[in-house]
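Each chain, written out:
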Amino acid sequence: ARVADEVRPDLIYSEGPLIHALLHRARRGAPLVFNPHGLEMFQHKGSLAEDLKSWPLRGSVADHARRAERVVCLSESGALPELVQASRPVFLKATR
C-alpha cells in the first residue's frame, strides 16, 4: 500500500496476496486488476489433509477477487474460469 501511495499509478496489477492492505482501503487512488493464477487452494489435491491445509487461503483469494475492480483469468479450460466467475461477476477473458 505504501508503494502505491508513493508511485501513484494509473492502474495496479496484482498476482497475489501482497495487495491485501491496499484492497481494504476505502480509497485506493487507482483501479486494481487481480490475477489469481491457478487457484490451487480451490482444487482437490488428493487427500483431505492437503485440502484442509489450503482452506484458509480460499477466503483471502475470494475476498481479493470481490474487492478488485477486475479479475483476469488466462485459462480457458478446467475449473479455473468457473471459480473466478463465481467469486467475481466481472470476468476478463484473454484474447489471442
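Shown above is the structure to which this text applies.
Residues numbered from 1 in each chain as written. Predicted model: local features only at pLDDT ≥ 70, side-chain atom pairs only at ≥ 80, totals over all residues. Heavy atoms only, no water.

This next bit is on the overall build of the protein. Looking only at helices and strands, the protein features four helices and four strands. Across the protein, the fraction of contacts at a sequence separation of at least 24, relative to all contacts at a separation of at least 6, is 35%. Here the protein displays about 6,500 Å² of accessible surface, and carbon together with sulfur accounts for 57% of that area. (Helix = DSSP H or I, 4+ residues; strand = E, 2+ residues; numbered from the N terminus. Contact = heavy atoms within 4.5 Å. Areas by Shrake-Rupley, 256 points an atom, 1.4 Å probe, with all protein chains shown as cover.)

Counting 14 residues, the largest nonpolar core has Ile 12, Ile 19, Leu 22, Leu 32, Phe 34 and Val 61 as the members making the most contacts within it. Among the secondary structure elements, those contributing two or more residues to this core are helix 2 (20-23), strand 2 (32-34) and helix 3 (48-67). Leave out the neighbours within four places in its chain, and Val 61 touches Phe 34, Pro 36, Leu 39, Met 41 and Phe 42. (Core = buried A, V, L, I, M, F, W, Y, C linked by side-chain atoms within 4.5 Å. Buried < 20%, exposed > 50% of the residue type's maximum accessible area, 1.4 Å probe, protein only.)

Assignment of secondary structure puts Ser 14 in strand 1 (residues 12-14). Given the relative accessible area of 6%, Ser 14 is considered buried. Ignoring sequence-local partners within four residues, the contact set of Ser 14 consists of Ile 19, Leu 32, Val 33, Phe 34 and Asn 35.

A few words now on the side chain of His 64. Along the chain, the position of His 64 falls in helix 3. Of the residues examined, His 64 reaches a relative accessible area of 1% and is grouped as buried. Ignoring any residue separated from it by four or fewer positions in sequence, one finds His 64 in contact with Gly 16, Pro 17, Ile 19, His 20, Leu 23 and Phe 34.

So, about the environment of Leu 32. With respect to the helices, strands and loops of the structure, Leu 32 is situated in strand 2. Along the backbone, Leu 32 and His 64 are 32 residues apart, and their C-alpha atoms lie at a distance of 9.8 Å. Excluding anything up to four places from it in sequence, Leu 32 contacts Ile 12, Ser 14, Ile 19, Leu 22, Leu 23, Ala 68, Glu 69 and Arg 70.

Count 3.6 residues to each turn of an α-helix, and residues three or four apart come out pointing the same way. The terminal C-alpha atoms of helix 3 lie 29 Å apart, and with 20 residues this matches the ideal 28 Å at 1.5 Å per residue to within 8%. Roughly 35° is the biggest bend found in helix 3, and it falls at Trp 55, with proline Pro 56 one to four residues downstream. (Expected span 1.5 Å × (residues − 1). Bend = angle between axes of the 7 residues up to and from the residue.)

Here the focus is the pattern of salt bridges. On inspection of all chains with the given rule, the structure shows two salt bridges. Of the charged contacts, one joins Glu 50 and Lys 53 as a salt bridge, the two residues approaching to 3.1 Å between their closest N and O atoms. Of the two residues, Glu 50 and Lys 53 are both situated in helix 3; the distance of three residues between them amounts to about one turn of the helix. Relative accessible area serves as the criterion here: at 34%, Glu 50 is assigned to the partly exposed category. Of the charged contacts in the structure, one is a salt bridge between Asp 63 and Arg 67, with a shortest N-O distance of 2.8 Å. (Salt bridge = Lys/Arg side-chain N within 4 Å of Asp/Glu carboxyl O.)

A few words now on unusual backbone geometry. With a phi angle near 55°, Arg 8 is a residue other than glycine that sits in the positive phi range. Overall, Arg 8 belongs to the exposed group, its relative accessible area being 68%.

Any functional reading would require information that these geometric values do not contain.
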